[in-house]
Structure formats: structure tokens, C-alpha cells
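If you want the building blocks of each chain, they are given just below.
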Amino acid sequence: MVGTHTSQHVPPSAGSPTIAVVGSGPSGCYVAQFLSKTWPDSEITVFESLPAPYGLIRYGVAADHQGTKGVVRQFDRLFTRGGIRFAGNVTVGRDIDFSRLATSFDIVVLATGLSGDRELDVPRDPGARVVGAGALLRALNGFPHHGLSRDGTGRCTPLGSRVLVVGMGNVALDVLRLLSKDTAAFTGSDIDDEMLTQLRPERPATLDVIARSGASQAKCDAAMLRELIALNGVNIVASGLDEKDSGPVADLLRSSAAPARDEPGRTRVTFHFGLQPRSVTTRDGRTVLTACRRDDGTPVEFAADAVVTAIGFTQGAAHDDGCPGPDWAGDHVYRAGWLSRGAQGTIAENRKHAQSLVRSIVDDFEAGRITASRPGFAGVADLLAHRAIGFGDWQRIEAAEHRSARPDRCRRKITDLDQMLAIATGAR
Ligand SMILES: Cc1cc2nc3c(=O)[nH]c(=O)nc-3n(C[C@H](O)[C@H](O)[C@H](O)COP(=O)(O)OP(=O)(O)OC[C@H]3O[C@@H](n4cnc5c(N)ncnc54)[C@H](O)[C@@H]3O)c2cc1C
């Protein structure tokens, strides 16, 4: 359990502010890092809902992109050597009132991200199978409660052999790659193999991508598309590619697109450009997405087993007490990362924004708009004594994940919260 004072945490020192960062995703960690460089004597606590730190680095960034996930090694050092306290398993708004936090710390930085999938704003039959890309990627990343539909035996319903993906940003490309990649090609990843088998017992025969824009305006990085094109067993088809379309995405598709045909054992990925979704209905047990061509309004229908939407992210459910509302505010309260800017930007961009946010926090402090007067963690410790887990506790979970990994996986994420907490606290 997290201590009120342990040797590795910097206790509050007169003159330095006490700081609470809410959320341990990249934004929260970068803010904590820059603040601790500015005020090495300040007491900084990073609160996190889950027993595991790092937000979307752990649960969003695709399991086969371990190089990207590797950024956590530098964040680990903040907690192991940098004197910053990790208070996991604590949801601000549920386990501690925001007002109690705000009266206990001199500076509060909210970095809670955006956890909800933005929904398609079209009429939709209740029986249609529509899955958010965030929920899908969380499930494949071993998230404890991803919310995907399950059958009577508790297994996730397979997505099926014909899947539509709406959107063509990098998250859509992650979905396409993870669904069409050979199981053998996940070597070295920490994909949740059980979820992969449940959701995708076999690679889909077809993946149709519905993009609103033309290929010239496609939002994905060319490197992501190249990675998809290079996969074994994938045929790429481009539909609606205009000869005027230019840029790396159009060029890549032109040079790699094959004739549209189904081949047993291969996944056909078809990119459809210039289509605006209009409705999602059901017919004969399938989900039907109707879209209109943006140039002439002609309707086009796609029947599929499931539709995956990859069109952005929003705050979680309105009734979620852990979502910062407008009343989570004050002169000493700041917002960072996706929560402040919307769901755009890479991990590196969060670093840049964290740096400029910390500059304005320091300006406020130096101008006397914030003072160093509140007790910090000691002001909330009584609420968390039997709840918060510290970084050492998290490291026990992580060690168990490494120990239980198959030889061809780098870890096997524990998806059961109770089990995580039992390991964290040393209970059997
Ligand atoms: C599917 C997907 C794939 C991505 N892949 C890449 C990639 O390959 N490369 C790249 O550079 N970027 C990638 N990104 C973007 C990157 O993940 C984001 O830029 C970044 O994670 C945003 O950071 P954040 O700290 O604002 O939010 P998050 O990472 O979401 O972190 C927010 C944290 O706050 C916690 N939290 C929420 N509410 C509370 C509360 N009330 N109390 C305590 N804790 C709370 C959450 O549990 C979470 O840990 C990807 C994003 C997604 C969605």
C-alpha cells in the first residue's frame, strides 16, 4: 500500500508547492516529470484509477508496437528514483471527492484523458453490432473492463468474417492490422491472446474501410499504411481513388492495390473513399451500413457481421463520477493532455504540451497566484489507507505478468482487478 511518508517520496518542504496529478497517462507523467525538474523539493502524487499506470500507453497503443510502449521505462524512473508518489487504484471523484483533493494540494493537474469512443451520429437499429475502436483495442490490450458484448458463456462475441471499419486515422489502421495479422506474427507483443481468439477466431475474409475524405486528405500516417500493406495474407484494394488524389497514402494505395477478389485464407482490405455514413440497420442477422457518395449523393450499402467505428474519442459516460465536470475547477486547477486538447496528438505531442503547461503553472506560482500552503498527500491519506497501491505494489503485478507470459510474448496482462490487487498487496 502507498505510504504517507516513505524514504522514496519527497515530503512537502516549506516553500515548494504540494502537487496532485490526476491520471498517469503520458500527459500526467510528463507534467509530473517537468514539475519535479522545476521543484525538486515539491511533493508530487500521481493518482490513477487503475492499479496499473500509464493510461493509453498500456491500454491503447497497439500490443504489437512495443517500441512505442517502451516510453514507460523513463516514466518508471519518476516513481522509482524521482521521488514521485504513485497512488493507484484511486479514482478521483469516487474514492476522493474532487473538493477534498483541491483543498489538500496547492496545485492540481487533471490529466484524465478521453475514454469514450465517439459514436456515429446516424440513426442506428438497436440490434446492429457496432463496436468502438477504443473498446476493441482496450480488449486486445488486456483492459480489465472493456464493455464488449459477451455470449451466455461469458466469451466475447466474435466480430465475424466481414467487418466494416469507419474512419481512416491511425487508430483505424491499428484495428485493420490487428484483425488481419497472422497469430504467429504477434511474437514479442503483449496481445491478449484469449481476447484475440474470442473476437477473431479466424482472420476476417474482408475488411471494408469507409473514409469520408478522399485519399489525399486521409489522416493516417503513411508508415502505418505501409505496415498493413506489408502483412502476409492481406490483399489491398482501393475504391474511389481519384486520379487527382495525391500524397503518400494515395501513392501507396496505387502501387499496392490488387484486383478485388476473395481468396481463401487471405484478408481483403478495401479502402472506400468519399463516403458519408447515413444509417446503420440490420437485415437477415447482419449489420448494414448505408453511406452516400459525397460527390453525387449515390447511396451505397455494406452488409457486415460487425462495424468498428474509429472516429475519435470523448469523455466517458456523463454519469461517471470519475469524469471531470465543469465544477472540477479553481485558480490552482489545470488540465493537461487529451482532456484539455481533445483526442488528438501523439505521446510526443503530450510532452510538448506538458512542458508549456508547466511553464504557465510556474508563472502563476511566481506571480503569487498560487501559494505553497496546503498539506498535500497527508490531507487525503486517511481516505486511502486501505485502498491506494504504490509503485512497488504495481511492480509486483508487473513481475507476475512477465513471469506468466508465454515464451513468444513479452508479458501476459492480468485482466482481473481483484487478482491485480491481491498480487499488489501480497495476498494469495
Ligand atoms: C487506440 C489508440 C492507439 C494509440 N496509439 C498511439 C501510438 O502508437 N503512438 C502515439 O504516440 N500515440 C498513440 N495514441 C495516442 C496516445 O495514446 C495519447 O496521445 C495519450 O495517451 C493521451 O494521453 P493522456 O495522458 O491525455 O490520456 P490517457 O493516456 O488516456 O491517460 C489518462 C489516465 O487517467 C486515468 N484516469 C481517468 N480518470 C481518472 C480519475 N477520475 N482518477 C484517477 N485517474 C483517472 C486513466 O485511467 C488513464 O490512466 C493512441 C491512442 C489510442 C486511443
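Treat the numbers as computed from the prediction; the structure is a model and nothing was measured.

Glancing now at the nonpolar core. Counting 49 residues, the largest nonpolar core has Leu136, Met168, Leu176, Leu199, Leu228, Val269 and Phe271 as its most contacted members. With residues up to four places along the chain from it excluded, the contact list for Leu176 reads Val165, Leu207, Val209, Leu228, Val269 and Phe271. Core analysis: the next-biggest nonpolar cluster, separate from the first, contains 46 residues, Leu50, Tyr54, Phe75 and Ala336 among them.

Quick look at unusual backbone geometry now. The backbone of Asn89 sits at a positive phi, close to 65°, despite the residue not being glycine. Residue placement: Asn89 occurs in the loop between β3 (85–87) and α5 (98–104). Using a relative accessible area of 9% as the deciding quantity, one classes Asn89 as buried. Its identity is not glycine, yet Asp284 carries a phi of approximately 50°, on the positive side. Along the chain, the position of Asp284 falls in the loop between β11 (275–283) and β12 (286–293). On the basis of relative accessibility, which here comes to 75%, the residue Asp284 falls in the exposed class.

It is at 8 Å that the axes of helix α1 (residues 26–38) and helix α12 (residues 347–366) come closest, and there the two elements cross at 40°. The orientation of α1 with respect to α12, classified from their angle, is oblique. The interaxial crossing formed by α1 with α12 has right-handed handedness. Each of Pro26, Ser27, Tyr30, Val31, Phe34, Leu35 and Thr38 in α1 lies in contact with α12, whose residues at this interface are Ile347, Asn350, Arg351, Ala354, Gln355, Leu357, Val358, Ile361 and Val362. Looking at the contact of α1 with α12 residue by residue, the class counts come to 11 nonpolar, 4 polar and 1 charged.

Taken in spatial order, the 6 strands of this open sheet run β6-β14-β7-β8-β10-β9, and their pairing is parallel. Each edge of the sheet is formed by a strand with only one pairing partner; in this case those strands are β6 (130–132) and β9 (234–239). Between one strand and the next, the sheet's axes are offset by a mean angle of 20°, whatever the strand orientation. As defined by bridge partners, β9 adjoins strand β10 (residues 267–272) across 6 bridges and the pair is classed as parallel. From the neighbouring strand, Val237 faces β10, where its bridge partner is Thr270.

Lining the immediate environment of the ligand, one finds 31 residues, of which Ser27, Glu48, Gly322, Gly345 and Asn350 sit closest. One nitrogen or oxygen atom from the side chain of Ser27 is found 2.9 Å from an oxygen atom belonging to the ligand. Contact distances for the ligand include 3.4 Å between an oxygen atom and a backbone N or O atom of Gly55. Protein contact buries 88% of the 1000 Å² of open area that the ligand shows by itself. Elements represented by at least two residues in the shell around the ligand include exactly α1, α2 (55–59), α7 (170–180), α11 (337–341) and α12. Of the residues in the shell around the ligand, the class split is 13 nonpolar, 16 polar and 2 charged. Residues lining the shell around the ligand come from more than one domain, with at least three contributed by each of domain 1 (18–115 + 315–424) and domain 2 (116–314).

Segmentation of the protein into domains returns domain 1 (18–115 + 315–424) and domain 2 (116–314). Averaged C-alpha coordinates put domain 1 and domain 2 at centres separated by 31 Å. With both chains or domains summed, domain 1 and domain 2 bury close to 2200 Å², and 50% of this area falls on carbon and sulfur atoms. Taken as a group, Tyr59, Asp64 and Arg409 account for 28% of the area that domain 1 buries against domain 2, more than any other trio of residues on that side. Where domain 1 packs against domain 2, one counts 6 salt bridges. Across the pair Arg177 and Asp64 runs a salt bridge, and its minimum N-O distance is 2.8 Å. Viewed at the interface, domain 2 and domain 1 are joined by 16 residue pairs in polar contact (both at pLDDT 80 or more). Every element with two or more residues in the side of domain 1 that touches domain 2 is listed here: α2 and α3 (66–69).

How each quantity is defined
Each chain has its residues counted from 1, running along the sequence as written. Residue-level local features of this predicted model are given only where pLDDT is at least 70; pairs of side-chain atoms are given and counted only at 80 or more, and the full residue set underlies all totals for whole chains, interfaces and linings. The basis for every side-chain value is the complete set of heavy atoms in the structure, and neither hydrogens nor water enter the calculation. By nonpolar core is meant a set of buried Ala, Val, Leu, Ile, Met, Phe, Trp, Tyr and Cys residues that side-chain atoms within 4.5 Å join together. Throughout this description, buried means an accessible area under 20% of the type-specific maximum (1.4 Å probe, protein chains only), exposed means over 50%, and partly exposed covers the range between. Contacts: residue pairs with any heavy atoms within 4.5 Å of one another. Secondary structure follows DSSP: runs of H or I at least 4 residues long count as helices, runs of E at least 2 residues long count as strands, and numbering of each begins at the N terminus. Think of each axis as a best-fit line through the C-alpha atoms, taken over the contacting stretch in the case of a helix, with angles from 0 to 180 degrees between the N-to-C directions. Throughout, the term roughly parallel applies to angles under 35 degrees, roughly antiparallel to angles over 145, roughly perpendicular to angles from 65 to 115, and oblique to all others. By convention, the crossing between two helices is left-handed when the near helix turns anticlockwise from the far helix through less than a right angle, and right-handed when the turn is clockwise. Residue polarity follows a fixed list, in which Ala, Val, Leu, Ile, Met, Phe, Trp, Tyr, Cys and Pro are nonpolar, Asp, Glu, Lys and Arg are charged, and the others, Gly among them, are polar. In this scheme, strands are said to pair when DSSP sees at least two bridges between them. We define proximity as follows: a residue is near a molecule or strand when any one of its heavy atoms falls within 4 Å of that partner. The definition of a polar contact used here is a pair of N or O atoms within 3.5 Å, where within protein one atom must be able to donate a hydrogen and the other to accept one, and adjacent residues in sequence count solely through side-chain atom pairs. Working definition of accessibility: Shrake-Rupley area with a 1.4 Å probe, residue cover restricted to the visible protein chains. By convention here, the domain bounds are inherited from an automatic or database domain assignment. Once two parts are brought into contact, the accessible area they lose, counted with a 1.4 Å probe and summed over both, makes up the buried area. Salt bridge, as used here: a side-chain nitrogen of Lys or Arg that lies within 4 Å of a carboxyl oxygen of Asp or Glu.

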